[in-house]
Amino acid sequence: MDAGVRRVMGLISEMNVRYVVPVYQRPYSWGEEQCLQLWDDILACGRSREQTHFTGSIVTMQDGTASPQGVAALAVIDGQQRITTIALLLVALARYADAHEAERLPFSRQEILMSGYLTNPFRSGDDHYKLTLSKGDRATFRAVVDHLEHPSRPAPEGPSRILDNLALFERRLDALADVALVWEGLRRLEVVSVTMAQGRDNAQLIFESMNSTGKDLSAADLIRNFVLMKYPLDRQAQAYQTYWRPLEDVLAPLGDEGAFDDFVRCFFQMAYAPERLGDADLYQVFKRYVSANAYDANDRMGFLCLRLKDFAGYYVDAVRGGLSGADAADPVARRTSFHLAAVARLGGAAARPLVLELFRSCRRRECTREQLADMLGVLESYLLRRAVCDCEGSAQEHFLRHLVAKLAAVRSAGEKYYESYVALFLVEEGTPRRFPTDDEFRRALLTRDCFGFAQAPFLLARLNAHLNAHLATGDGSDGSATDSAASAAQAGVPGSAADASALPEGWGVEHVMPVGALADPAWAQALGLGQGARLAFERGVNALGNLAPSAYPYDLQDGTLAQKQGRLARDAQGRPVDVPLCRDVLAAKSWGPAQIEARGRALADVAVGAWPLPRMDAAALEAFRPSRRAAQVKTVAWQDLVDAGVVQMDDVLVSASPMYPGRATVTSTGRIMLATGETFDEPTAAYERFLGSVGAHETGLNGWTHWRLGEGGPLLDQLR
């Protein structure tokens with residue numbers, strides 16, 4: 001490794017050298033704030049006339065080779081934002097010089113082009129460009145340089161940070177009294193230049209230690225660099241396209257720069273449950289996970305990316321609230337999406353690790369698709385009931401994290417997954433983590449301020465879809481037809497969104513008896529006289545029974561009952577709509593405390609059925625109570641089988657999958673050794689690596705149910 005202080009202009013102008021930003025580096029991301037900080041530093045340096053200014057580091061990696069034209073490519077490990085921004089400022093200076101030929105400037109367009117700052121002027125192709133950016137930035141920056149060299153070529157257009165920052169510098173130069181200061185400041189700008197040799201220096205460690213200036217790297221940036229730096233320079237582009245790009249493509253529909261960081265948090269929250277992870281810990285947690293699972297050995301990084309890609313798909317579905325690419329005619333998929341939409345709205349980020357765990361259990365065939373939909377329905381009921389009952393949020397977050405860990409223990413113990421999942425909710429009765437009972441839920445619906453409830457639009461939309469489904473099917477039951485509700489919601493029920501998780505755009509929650517009822521003689525008459533009228537008003541105005549979805553939520557707030565009914569019967573364009581939740585209001589001849597209370601009780605009964613409390617036989621549930629479970633249940637681990645002599649040294653494990661035949665051997669220390677020579681201390685990790693070694697894309701399969709002890713022998717799960 002060679003390191004030293006260098007002048008920036010001398011560093012980037014070295015002939016027969018070009019700087020290449022590797023494909024794994026983040027795109028050019030400096031905004032106006034970072035550009036203006038560099039601008040101010042350059043001006044201060046230019047005005048001082050005697051001082052230099054240190055502006056961070058530029059770290060490059062070389063592999064000791066050169067192109068046929070004799071140009072050496074240096075991979076930019078750190079400093080690409082700074083190099084790119086300085087290059088843009090040089091372009092702006094060249095353009096300024098071209099447009100102000102009459103001024104006596106210490107630089108010219110031709111000097112900037114021919115001195116090696118932006119190009120290797122006597123080389124062609126990739127070797128011609130002094131700086132090659134990554135991803136979509138490459139074409140834009142090259143077009144900027146091409147247009148500067150040959151003004152007849154089209155100038156780049158479209159939204160781009162490169163073009164925005166170039167325009168920023170051009171405006172600053174035009175407004176500056178002495179442009180020579182910028183040129184002088186650039187010439188005295190210094191960096192620490194670190195050049196490493198591939199195979200000899202650890203680029204990742206240096207990168208981590210020197211990432212202290214400019215715009216902080218996200219966990220996504222650090223993880224991507226970590227993964228792809230494990231490959232030689234000449235393989236990084238291929239590794240990016242084969243392994244990392246598909247992962248980015250899965251997350252791309254979310255259109256959120258922070259999606260990857262949140263996905264990683266959810267994944268490791270699931271993997272390390274119940275440990276609570278902070279955003280600042282993600283990169284270190286990732287490195288711990290890689291080391292613990294030997295993903296950094298024997299070219300296994302690609303397999304890790306494939307594993308993350310599967311879970312990224314689950315994460316996208318959890319965030320968007322619906323199954324991607326699901327068959328609209330599949331009732332189970334519709335029901336799953338129906339509940340996913342609710343969980344996304346009610347549970348937010350705290351519920352996502354659990355959703356990933358449930359999808360993983362279904363992928364491993366530990367539960368059926370139907371049971372997955374049912375489990376999401378249980379989670380929706382739990383979240384909605386607790387929100388209505390104003391249960392403690394921290395207790396809920398604690399429960400969800402620990403539930404993921406308990407389900408992992410259920411998997412290891414070979415117990416029934418679905419039954420265990422339901423039981424783990426129910427055994428929390430009487431604690432701050434409880435699943436509210438029907439009585440508690442109904443009482444809260446009838447006594448709380450439902451208008452001020454943050455989830456009021458969701459509550460009304462779901463109740464409306466539920467009522468519509470019962471009307472459409474003639475079902476008079478207590479509300480268990482969630483599949484019918486999902487079908488009705490997807491058909492576009494008036495008064496609810498397509499997934500029945502929100503009211504349609506422009507709709508809101510309206511009071512039937514208005515907030516100004518006490519001041520209106522007609523409404524005051526319905527409330528009665530004296531202090532009882534005020535009490536009745538305060539008890540009923542924001543009650544569930546007095547609320548309705550409306551396309552006119554802020555119109556006629558203090559209107560008469562007839563005016564209210566006229567609005568509730570029409571959409572924003574004045575067209576008649578049939579909203580099941582409003583039918584009783586439209587049929588009412590009068591409206592007051594009695595009608596509000598009666599409607600509230602009826603809707604509370606519907607809600608208890610729409611968000612049911614799961615049921616389980618008392619005797620079966622008893623086995624899941626913490627004290628009884630601690631005394632009776634013991635997880636049988638792989639080492640237990642080894643210690644008991646059930647499996648012994650030199651025993652052969654055979655893959656049970658006819659698609660992926662293969663074998664492993666039990667070592668003298670009880671580890672599972674694959675044909676590759678890699679060893680593992682538990683069946684699932686061994687089977688996942690075995691699949692990767694044979695080129696299979698399946699991930700997340702349970703090794704206990706996929707290894708047999710000997711040819712035709714029992715599954716390991718049966719031995720437990």
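Reading the values: rules and limits
- Residues numbered from 1 in each chain as written.
- Predicted model: local features only at pLDDT ≥ 70, side-chain atom pairs only at ≥ 80, totals over all residues.
- Heavy atoms only, no water.
- Helix = DSSP H or I, 4+ residues; strand = E, 2+ residues; numbered from the N terminus.
- Buried < 20%, exposed > 50% of the residue type's maximum accessible area, 1.4 Å probe, protein only.
- Contact = heavy atoms within 4.5 Å.
- Lys, Arg positive; Asp, Glu negative; His and termini not counted.
- Charge placed at Lys NZ, Arg CZ, Asp CG, Glu CD.
- Pairing = 2+ DSSP bridges.
- Polar contact = N/O pair within 3.5 Å; in protein donor to acceptor, adjacent residues only side chain to side chain.
- Axes fitted to C-alpha atoms, helices over the stretch in contact; angles between N-to-C directions.
- Salt bridge = Lys/Arg side-chain N within 4 Å of Asp/Glu carboxyl O.

Asks: Help me understand the overall build of the chain in this model?
Replies: Regarding its fold elements, the chain presents 30 helices and 13 strands. Summarising its shape, the C-alpha atoms of the chain cover approximately 90 × 80 × 40 Å along the three principal directions. The burial tally for the chain puts 53% of its 720 residues in the buried class. Considering only intrachain contacts with a sequence separation of at least 6, the fraction spanning at least 24 residues in the chain is 69%. If the 76 positive side-chain charges of the chain are averaged to one point and the 89 negative ones to another, these points end up 1 Å apart.

Asks: Mind showing me how you'd approach the sheet that holds strand β2 (residues 17-20) here?
Replies: Sheet strands line up and pair through hydrogen bonds in the backbone, either parallel or antiparallel. Taken together, the six strands give an open sheet; going across it, the order is β1-β6-β3-β4-β2-β5, and neighbouring strands pair in mixed fashion. Bordering the open sheet on either side are β1 (2-7) and β5 (131-132), each of which pairs with just one other strand. Inspection of the sheet shows β1 paired to strand β6 (residues 189-197) by six bridges, in the antiparallel sense. Directly across from R6, in β6, lies its bridge partner V191.

Asks: Explanation requested: the side chain of S160 in the structure shown.
Replies: Residue position: S160 is located in the loop between α5 (137-149) and α6 (161-174). A residue is classified by how much of its surface remains accessible, and S160, at 12% relative accessible area, is buried. Separated by 3.1 Å, the side chain of S160 and the backbone nitrogen of I162 make a polar contact.

Asks: Help me out: how do you make sense of the sheet that holds strand β13 (residues 707-709) in this one?
Replies: Pairing in this open sheet of five strands is antiparallel, and the strands run β12-β11-β10-β9-β13 from one edge to the other. On the outer flanks of this sheet lie β12 (679-680) and β13, each paired with one strand and no other. Against the sheet, helix α29 (residues 683-693) touches β9 (652-655), β11 (672-674), β12 and β13, its axis set at about 5° to β11.

Asks: Before we go on, may I ask you to explain the pattern of salt bridges in this structure?
Replies: In a structure, side chains of opposite charge can pair up when their charged atoms sit close to one another. Counted by the stated rule, this structure contains 39 salt bridges. Its salt-bridge partner being E428, residue K406 comes within 3.7 Å of it at the nearest N-O pair. In this pair, K406 sits in helix α16 (residues 393-413) while E428 sits in the loop between α17 (417-426) and α18 (438-447), placing the two residues 22 residues apart along the sequence. A relative accessible area of 34% means that K406 is categorised as partly exposed.

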